[in-house]
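# A look at the structure
Chain by chain, the residues run as shown.
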Amino acid sequence: MAKLFTIGEMLIDFIPFKKGVALKDVVSFERAPGGAPANVAAAVAKYGQKAALISKLGNDAFGDFLVEKLVESGVETDKVYRTREANTGLAFVSLKENGERDFSFYRNPSADLLLSEEEVDPTWFQAGDILHFCSVDLVESPMKQAHKKAIAAVSAADGLVSFDPNVRLPLWENPEDCRKAILEFLPTADIVKVSDEELNFITGIQDESDAIKSLFVGNVKAVVYTKGAAGADLILKDQKFESSGYAVEPVDTTGAGDAFIGGFLYQLLELHANPENIEEVLRNHQASILEFANASGALTTTGKGAISALPSKREVEELVGS
């Protein structure tokens, strides 16, 4: 059975009890498991496919908490290493009235950045597996090299590579370093998810259509262009498919994009997608794939946190059916 692997950060999101307060003025927070790669793995596991996280956590109480949450979500944790050399990463989040976020990260470095390429075993990956990654852990670190090894290994095993840049500029010394890292890894992916807020930053191109076309470099076969509540577009080299979002009352948008791509990749595993048939699978099943992914992302915004707010597969299907 094919499996989703995600590689990168898992951390604690500290979410304020009160919305509409600037981060400097927040008095109290509640903790929630987070980190985009972990969120995506949790979504896929919750919907019923196999998922594993490749990462490293501190040998501390926060690391213990995160491992427990992964296990509860059904995510395999045997590739989550522990270390005493650094602490588990933390992110403090403030929420605007509309659920949008402002972040402050604590990692210098955090444990996830210490995962080394020697700790990635190419024999983990089999044909039909999917490896998903983001840009947060592509800063110069052992973890960046671990990404390169994992990407090469899953590609050699005839698996798919998925990349969500998930831009978080506060984690970079300057924006250009972030942009260069994204452009360096972009050609290694079969599927690229990019949001409307990120497209111009990544490409430097004002025209939306031209900017999306510029993402088709290297191995890229499909671009998923997300537009928040407005839905998402799926673009192949020769065809574009549009979809609408679902109207919900947002509480916290943290993890909405991760839930979206988790729902998307779950569908690809269900449909036995691989590098040879991916374009055919997307072309033939685009409507149902996008509906499920949009519903997954929308429902996640109706609760606090990312992993904590993930809906069940039945809830997603009910929203799609409605």
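Please read all numbers here as calculations on a predicted model, not as lab measurements.

## With respect to the overall build of the chain
- Per the secondary structure count, the chain includes nine helices and 13 strands.
- At 18 Å, the chain has a C-alpha radius of gyration in line with the 20 Å of a compact globule built from 322 residues.
- With the C-alpha coordinates of the chain rotated into their principal frame, the extents come out at 50 × 45 × 40 Å.
- Among the 322 residues that make up the chain, the fraction classed as buried is 58%.
- Sequence-distant contacts in the chain: of pairs separated by 6 or more residues, those separated by 24 or more amount to 72%.
- Just so you have it, the chain exposes about 13100 Å², and 47% of that area is on carbon and sulfur atoms.

## Re empty space enclosed by the protein
- This structure, assessed with the given rule, holds two cavities of 30 Å³ or more.
- The calculated volume of the largest cavity comes to roughly 140 Å³.
- Taken together, 15 residues make up the lining of the largest cavity; nearest its centre are Gly35, Ala36, Phe103, Asn166 and Arg168.
- Examining the composition of the lining of the largest cavity, we find that three residues originate from one element, strand E7 (residues 101-106), more than from any other.
- Classifying every residue of the lining of the largest cavity gives five nonpolar, five polar and five charged.
- By volume, the second largest cavity amounts to about 50 Å³.
- If you go around the second largest cavity, the residues you meet are Glu9, Leu11, Gly89, Leu90, Phe105, Tyr106, Arg107, Ser110, Asp112, Val136 and Leu171.
- A breakdown of the residues in the lining of the second largest cavity according to their chemical character gives six nonpolar, two polar and three charged.

## Re unusual backbone geometry
- Cis geometry is found at the peptide bond from Asn108 to Pro109, where omega equals -10°.
- Relative to the elements of secondary structure, Pro109 occurs in the loop between E7 and strand E8 (130-134).
- Although it is not a glycine, Asn166 adopts a positive phi angle of roughly 45°.
- Considering the arrangement of structural elements, one finds Asn166 in the loop between strand E9 (160-164) and helix H4 (175-185).

## Overview of the sheet that holds strand E11 (residues 222-226)
- In spatial order, the strands read E5-E4-E1-E8-E9-E10-E11-E12-E13; together these nine strands make up an open sheet with mixed pairing. The open sheet is flanked by strand E5 (80-83) and strand E13 (239-243), the only strands paired with a single partner. Strand-to-strand twist of the sheet, defined as the mean angle between neighbouring strand axes without regard to direction, takes the value 15°.
- In terms of strand pairing, strand E1 (residues 3-7) meets E8 through four bridges, oriented parallel. Its bridge partner lying in E8, Phe5 is registered against Leu131.
- The sheet contacts of helix H2 (residues 61-73) involve strand E4 (50-58) and E5, and relative to E4 the element is tilted by about 175°.

## Focus on the layout of surface pockets
- Empty space within the second largest pocket amounts to approximately 300 Å³.
- Among the elements that take part in the lining of the second largest pocket, H4 stands out by supplying three residues, more than any other.
- Residue composition of the lining of the second largest pocket, by class: seven nonpolar, one polar and six charged.

## As for a negative patch on the surface
- There is a patch of like negative charges on the surface, built from Asp196, Glu197, Asp207, Glu208 and Asp210.
- One can find Asp207 in the loop between helix H5 (199-203) and helix H6 (208-213).

## A word on the state of the cysteines
- Taken as a whole and assessed by the stated rule, the structure comprises zero disulfides.
- Looking at the unpaired Cys134, the closest cysteine sulfur is the one in Cys178, lying at 11 Å.
- According to the relative accessible area criterion, Cys134 is buried, its value standing at 1%.

## Overview of H4
- All buried positions along H4 are accounted for by Cys178, Ala181, Ile182 and Phe185. One side of H4 holds all its buried residues, which, seen down the axis, span an arc of 100°.
- Taking the backbone nitrogen of Glu176 as reference, a side-chain oxygen 3.1 Å away marks Asn174 as the first, capping residue of H4.

## Describing the packing of aromatic side chains
- Evaluation of the coordinates by the stated rule reveals 12 aromatic pairs.
- Seen in terms of ring centroids, Trp124 and Phe125 are 6.1 Å apart; in terms of plane orientation they differ by 70°. Their pairing is edge-to-face. For the pair Trp124 and Phe125, one class covers both residues: buried.
- Pairing Phe133 with Phe163 gives two aromatic rings, centres 4.4 Å apart and planes at 5°, and the pair type is stacked.

## Concerning the environment of Gly262
- Tracing the chain through its elements places Gly262 in helix H7 (residues 256-270).
- Setting aside residues no more than four positions away along its own chain, Gly262 makes contact with Val40, Ala43 and Val44.

## Remarks on helix H3 (residues 142-156)
- For H3, which comprises 15 residues, the first-to-last C-alpha distance of 21 Å matches the rise-based estimate of 21 Å (1.5 Å per residue) to within 8%.
- Here H3 has its buried residues at Met143, Lys144, Ala146, His147, Ala150, Ile151, Ala153 and Val154.
- Contacts made by the buried residues of H3 are with E1, E4, E8, E9 and H4.
- Directly beyond the C-terminal end of H3, a positive phi value near 70° is found at Asp158.

Rules used throughout
Residues numbered from 1 in each chain as written. Predicted model: local features only at pLDDT ≥ 70, side-chain atom pairs only at ≥ 80, totals over all residues. Heavy atoms only, no water. Helix = DSSP H or I, 4+ residues; strand = E, 2+ residues; numbered from the N terminus. Rg over C-alpha atoms; globule rule 2.2 N^0.38 Å. Buried < 20%, exposed > 50% of the residue type's maximum accessible area, 1.4 Å probe, protein only. Contact = heavy atoms within 4.5 Å. Areas by Shrake-Rupley, 256 points an atom, 1.4 Å probe, with all protein chains shown as cover. 1 Å grid on protein atoms, 1.4 Å probe; cavity = no way out; pocket = protein on both sides within 12 Å on 5 of 7 lines; lining within 4 Å. Points joined across faces, edges and corners; volume = space filled by probe spheres on them. Nonpolar A, V, L, I, M, F, W, Y, C, P; charged D, E, K, R; others polar. Pairing = 2+ DSSP bridges. Axes fitted to C-alpha atoms, helices over the stretch in contact; angles between N-to-C directions. Patch = residues over 30% accessible without salt bridge, like charges linked within 9 Å, V, L, I, M, F, W, Y side chains within 5 Å. Salt bridge = Lys/Arg side-chain N within 4 Å of Asp/Glu carboxyl O. Lys, Arg positive; Asp, Glu negative; His and termini not counted. Charge placed at Lys NZ, Arg CZ, Asp CG, Glu CD. Disulfide = S-S within 2.5 Å. Arc of directions from axis to C-beta. Polar contact = N/O pair within 3.5 Å; in protein donor to acceptor, adjacent residues only side chain to side chain. Phe/Tyr/Trp six-rings, centres within 6.5 Å; stacked < 30°, edge-to-face > 60°. Expected span 1.5 Å × (residues − 1).

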